[in-house]
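Results of the structural survey
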Amino acid sequence: MKKLLAFIIILTFCACTFYKKDGIEMKIKNDSSELITNVEFTTTEKLEVIKIDRIEPNESVTEFLSMRKNKTDGAYSLTFTRANGKKEISGGGYYTNGGSLDHWVDFIVENDTTIVKFDGPIY
């Protein structure tokens, strides 16, 4: 019976490790009154980039950023262009050894600011 329990624990651990998604889910909601364009979300290493041409006011987009190729520590970066041509850069969060510490990140773009929320780890 003890061998069966040990086998099940090892099998569960291996399955969780094998099927783990390496990356982070990103959601951008445009709560501003104008269109935003040239949206890019990436990591410090810039190995993978999510590119979105445009997000209309009151529209949101959700994508998954793969981090399978990442190997070092770094942060996340969101860049976009407002309707007046001003380029905005928002950074934050942290990943280590190429792996995300968070499950998701939400960006809320308002007329004068960008709010960033991460799903932080629970210790």
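Before reading on, note that the structure itself is shown above.
Reference entry: report on the structure contained in this document. (Residues numbered from 1 in each chain as written. Predicted model: local features only at pLDDT ≥ 70, side-chain atom pairs only at ≥ 80, totals over all residues. Heavy atoms only, no water.)

Focus: the nonpolar core
- Core analysis: the largest hydrophobic core is formed by 19 residues, its most contacted members being Met26, Ile28, Val39, Phe41 and Ile52.
- Those elements that place two or more of their residues in this core are β1 (23-30), β2 (36-43), β3 (49-55), β4 (60-66), β5 (74-81) and β8 (104-109).
- Sequence-distant contacts of methionine 26, that is, excluding residues within four places in its chain, are made with Phe41, Ile50, Ile52, Val61, Thr62, Glu63, Val105 and Phe107. (Core = buried A, V, L, I, M, F, W, Y, C linked by side-chain atoms within 4.5 Å. Buried < 20%, exposed > 50% of the residue type's maximum accessible area, 1.4 Å probe, protein only. Helix = DSSP H or I, 4+ residues; strand = E, 2+ residues; numbered from the N terminus. Contact = heavy atoms within 4.5 Å.)

Structural notes on the sheet that holds β1
- Strand order in the open sheet formed by 4 strands is β4-β1-β8-β9, and the pairing between neighbours is mixed. The sheet terminates laterally at β4 and β9 (114-118), the two strands that pair on one side only. Strand-to-strand twist in this sheet, taken as the mean axis angle between neighbours without regard to direction, amounts to 15°.
- Note that β1 and β8 share 6 bridges and pair parallel. From the neighbouring strand, isoleucine 28 faces β8, where its bridge partner is phenylalanine 107. (Pairing = 2+ DSSP bridges. Axes fitted to C-alpha atoms, helices over the stretch in contact; angles between N-to-C directions.)

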